[in-house]
Amino acid sequence: MTEPTPFQRALTELDALHAQDPRQVEVEGETLPLELWHAGRMSAWLARVVEAPSELVQLAVRSQHLQRWEVPRSEYPEGRVGYLTWRRDQGKRAGETTARVMEAAGYSAEEAAEVSRMIRKQGLGRDPGTQAVEDCACLVFLENYFADFSKQVEHDHLVRIVQMTWKKMSPKAHELALTLPMSAETRAVVEEALAG
């Protein structure tokens, strides 16, 4: 039996951490830990966004929400500043944990640091790995969370959120986003945002 590669060891350990999420989601009659399902959706989108992603990009995309349930959004102040602080702290935690897992699996400190940087979204718009993480995160949001989210947010604010999300995405991700099934209401918001 062949020894697992550093990539296989890291992926197995990361998925074991994802599987600890106490939140559950029902998918096609199966109950899964929410974060493990989310990580799977991220990887599925990566296969469509990037033709042949490197191991490092695959690990960054897989780990973007790592152990996010441990520091809930509710522990930070309401509003944009609280949200951005929470998101920054989450990226830092996920990046550090992923780097530790990677080094234990046999990756170099430099490789682990590169993945941590991608998870923290450093170099967005310039670095292809960071852009892949952002594209997948935006596509997972639009595919799975946007419809419910749109019911909780005032219309003009929602349009601005779509516009900000769109600005962060690559042309390839734009193309994929426009193929997503959407309700008439959701599509109208997206069309208004893109026309603005």
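Residues numbered from 1 in each chain as written. Predicted model: local features only at pLDDT ≥ 70, side-chain atom pairs only at ≥ 80, totals over all residues. Heavy atoms only, no water.

Colleague: Could you give an account of a negative patch on the surface, with specific residues and numbers?
Modeller: Negative charge collects at one region of the surface, where Glu55, Glu103, Glu110, Glu111 and Glu114 lie side by side. Ranked by residue count, the leading element in the negative patch is helix α5 (residues 109-119), at three residues. Inspection of the secondary structure puts Glu110 in helix α5. When its relative accessible area of 61% is taken as the criterion, Glu110 is described as exposed. (Patch = residues over 30% accessible without salt bridge, like charges linked within 9 Å, V, L, I, M, F, W, Y side chains within 5 Å. Areas by Shrake-Rupley, 256 points an atom, 1.4 Å probe, with all protein chains shown as cover. Salt bridge = Lys/Arg side-chain N within 4 Å of Asp/Glu carboxyl O. Lys, Arg positive; Asp, Glu negative; His and termini not counted. Charge placed at Lys NZ, Arg CZ, Asp CG, Glu CD. Helix = DSSP H or I, 4+ residues; strand = E, 2+ residues; numbered from the N terminus. Buried < 20%, exposed > 50% of the residue type's maximum accessible area, 1.4 Å probe, protein only.)

Colleague: Can you explain the side chain of Thr130? Please cite residues and give values.
Modeller: In this fold, Thr130 is placed in helix α6 (residues 128-150). Given the relative accessible area of 0%, Thr130 is considered buried. Thr130 has contacts with Arg117, Met118, Lys121, Gln122, Gly123 and Leu124, leaving out every residue within four places of it along the chain. (Contact = heavy atoms within 4.5 Å.)

Colleague: Summarise the packing of helix α2 (residues 34-49) against helix α3 (residues 55-63); cite the residues concerned and give the values.
Modeller: For the pair α2 and α3, the least separation of the axes is 8 Å and the interaxial angle reads 140 degrees. Classified by the interaxial angle, the pair formed by α2 and α3 is oblique. You can see that α2 and α3 cross each other, and the crossing is right-handed. The segment α2 lies against α3, with Ala39, Gly40, Met42, Ser43 and Leu46 engaging Val57, Gln58, Val61 and Arg62. When its residues are assigned to classes, the contact of α2 with α3 shows five nonpolar, three polar and one charged. (Axes fitted to C-alpha atoms, helices over the stretch in contact; angles between N-to-C directions. Parallel < 35°, antiparallel > 145°, perpendicular 65-115°, else oblique. Left-handed = near helix turned anticlockwise from the far one by under 90°. Nonpolar A, V, L, I, M, F, W, Y, C, P; charged D, E, K, R; others polar.)

Colleague: Help me get a handle on the nonpolar core, residues and values and all.
Modeller: Formed by 47 residues in total, the largest nonpolar core has its most connected members in Leu139 and Met169. Look past the residues within four positions of Met169 in its chain and what remains in contact with it is Gln131, Asp135, Cys138, Leu139, Leu142, His174 and Ala177. (Core = buried A, V, L, I, M, F, W, Y, C linked by side-chain atoms within 4.5 Å.)

Colleague: Which residues make up the side chain of Glu35, and what values go with them?
Modeller: Within the secondary structure layout, Glu35 lies in helix α2. For Glu35, which is buried and forms no salt bridge, the nearest opposite charge comes from Arg23, at a distance of 4.4 Å.

Colleague: Outline the layout of surface pockets, listing residues and values.
Modeller: Considered as a void within the structure, the largest pocket measures approximately 1,700 Å³ in volume. Lining the largest pocket are 42 residues; nearest its centre among them are Arg68, Tyr83, Trp86, Arg87 and Phe141. Ranked by the residues each element gives to the lining of the largest pocket, the list is headed by helix α4 (residues 79-105), at ten residues. When grouped by side-chain class, the residues that make up the lining of the largest pocket number 16 nonpolar, twelve polar and 14 charged. (1 Å grid on protein atoms, 1.4 Å probe; cavity = no way out; pocket = protein on both sides within 12 Å on 5 of 7 lines; lining within 4 Å. Points joined across faces, edges and corners; volume = space filled by probe spheres on them.)

Colleague: Can you lay out α6 for me, pointing to particular residues and giving the numbers?
Modeller: Taking the largest bend as the criterion, α6 deviates by roughly 55 degrees, centred on Asn144. For α6, the N-terminal capping position is held by Asp127, with its side-chain oxygen 3.0 Å away from the main-chain nitrogen of Gly129. (Bend = angle between axes of the 7 residues up to and from the residue. Polar contact = N/O pair within 3.5 Å; in protein donor to acceptor, adjacent residues only side chain to side chain.)

Colleague: If you had to explain the pairing of strand β1 (residues 24-27) to someone new, which residues and values would you point to?
Modeller: When β1 meets strand β2 (residues 30-33), the two strands line up antiparallel, connected through four bridges. What sits directly across from Gln24, in β2, is Pro33. Here β1 hands over to β2 after two residues, with Glu28 in that stretch at a positive phi of 50 degrees. (Pairing = 2+ DSSP bridges.)

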